Amino acid sequence: MIVFGTSITAPEVYRRCAERGFRLAAEPDSEVIANAAAGSLARSYNLIMDQVAGRDDVESLVLVHQDAELVDRDFCARIREILKDPDVGAIGLVGAIDVRSIAWWEGSVTWASFSHRYEEFGGGEIKAFTWGDEEFPGFARTGEVDTLDGFVLALSPWVVQNVRFDESISQIHGYDLDFCLQVREAGRKVVTADLRAIHHHSLELVKDPEVWMAAHKKIAEKWHGRMPGIGLPNWGADADDWRDRARHAEAEAGAAHLELQSAKMQAQARQRRLEEELDEIRASTSWRLTRPLRELGLMIRVRRNGNGR
């Protein structure tokens, strides 16, 4: 069977999002483990993994954020098909290559089949580039990547038995990159798949930049020299202070980029809302009835200004 697991901090959000997706995607014999959060997300996920690690009836453990909603009725069948490859360790629906840090999206994102739904400015939706059925960009592809976005992760039985999330990294940030690096270091593949989910998430991408920066530095320090491209080049034992400064500067730059991206998304959402309100006004009966008066007023202003000059 395929087991679904989630960590809950807001029961209402879970019922509206993850639980709804489980009802759609689960098979008759699927099991759902919905636990109250036990500290950090990494700790909560490790406890779920411990619950199923010793079982021989689990084909995959699918870890889903409480605010993520699966939308594929054949989700389990697709996961089962991918796991026919015994080298696959983790499956996701958003992934990137050429990853250098916790800011993995600054690499080359090759697949992103999700929709970001938000409640700010009256609510709205931002569709990622492989969400719909329209033609995808030429670089889009599923398959092996450096890391996955952790809001939906399907794990193989081997990974459930042998790999754990690093609880020292952060309460919420960087756990997915670190986990994928562990899976790859152990010789298993991290892959994207043609799966879909809706992420019900605020447009505020990072609430505490200092916490995000701390996780950024921990990842760089942990994986320096262990995984190509992660961390900074080895400048020698006497360069620790410079290395720390460089990591801090890189973390600051990453946090600033996140805040900028969040601001852009909020500005775009605000503009879309204003355009929708304007369209509603223009479609109203009062707008149509007053059209002759507006046109007359325009004519009068043009004549007063000398034909607009």
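We now turn to the structure provided with this report. (Residues numbered from 1 in each chain as written. Predicted model: local features only at pLDDT ≥ 70, side-chain atom pairs only at ≥ 80, totals over all residues. Heavy atoms only, no water.)

### Description of helix α6 (residues 175-185)
Thinking step 1. Counted residue by residue, α6 has nine buried out of 11 residues, so it is predominantly covered.
Thinking step 2. Of the positions making up α6, those classed as buried are Y175, D176, L177, D178, F179, C180, L181, Q182 and V183.
Thinking step 3. Residue G187 follows α6 closely and has a positive phi angle near 95°. (Buried < 20%, exposed > 50% of the residue type's maximum accessible area, 1.4 Å probe, protein only. Helix = DSSP H or I, 4+ residues; strand = E, 2+ residues; numbered from the N terminus.)

### What to know about the nonpolar core
Burial of nonpolar side chains together is a common tendency in soluble globular proteins.
Thinking step 1. Core analysis: the biggest nonpolar cluster contains 46 residues, and F4, L70, I91 and V152 have the highest contact counts within it.
Thinking step 2. Per-element tally for this core: the top contributor is helix α7 (residues 209-223), with five residues.
Thinking step 3. In this view, L70 contacts F4, G21, F22, L24, A25, V64, F75, V152, R196 and A197; residues no more than four positions away in its chain are not counted.
Thinking step 4. With 26 residues, the next largest nonpolar core counts L61, L153, V159 and Y175 among its residues. (Core = buried A, V, L, I, M, F, W, Y, C linked by side-chain atoms within 4.5 Å. Contact = heavy atoms within 4.5 Å.)

### A closer look at the environment of R117
Thinking step 1. Tracing the chain through its elements places R117 in strand β8 (residues 114-118).
Thinking step 2. Classification of R117 as partly exposed rests on a relative accessible area of 33%.
Thinking step 3. Sequence spacing of R117 and S202 is 85 residues, and the spatial spacing of their C-alpha atoms is 7.8 Å.
Thinking step 4. In this structure, R117 is in contact with G124, E125, I198, H199, H200 and H201, ignoring residues within four places of it in sequence.

### Quick look at the sheet that holds strand β4 (residues 68-70)
Thinking step 1. If you trace the four strands from one edge of the open sheet to the other, you get β4-β14-β8-β9, paired in mixed fashion. Of all the strands in the sheet, just β4 and β9 (124-127) have a single pairing partner and so form its edges. The sheet shows a mean angle of 20° between the axes of neighbouring strands, direction not considered.
Thinking step 2. Where β8 and strand β14 (residues 197-200) come together, four bridges link them in parallel fashion. Paired with S115 across the two strands is I198, which belongs to β14. (Pairing = 2+ DSSP bridges. Axes fitted to C-alpha atoms, helices over the stretch in contact; angles between N-to-C directions.)

### As for the packing of aromatic side chains
Thinking step 1. Counted under the stated rule, the structure contains 12 aromatic pairs.
Thinking step 2. Seen in terms of ring centroids, W104 and W105 are 5.4 Å apart; in terms of plane orientation they differ by 75°. Their pairing is edge-to-face.
Thinking step 3. Its relative accessible area of 6% is what places W104 among the buried residues.
Thinking step 4. Judged by centre distance (4.0 Å) and plane angle (15°), the ring pair of F165 and F179 falls under stacked. With F165 in the loop between α5 (157-162) and α6 and F179 in helix α6, this pair connects stretches of sequence that are 14 residues apart. No difference in accessibility class separates F165 from F179, as the two residues are buried.
Thinking step 5. In textbook terms, an aromatic cluster arises when at least three aromatic residues are bridged by ring pairs, as seen for F4, Y14, F22 and F75. (Phe/Tyr/Trp six-rings, centres within 6.5 Å; stacked < 30°, edge-to-face > 60°.)

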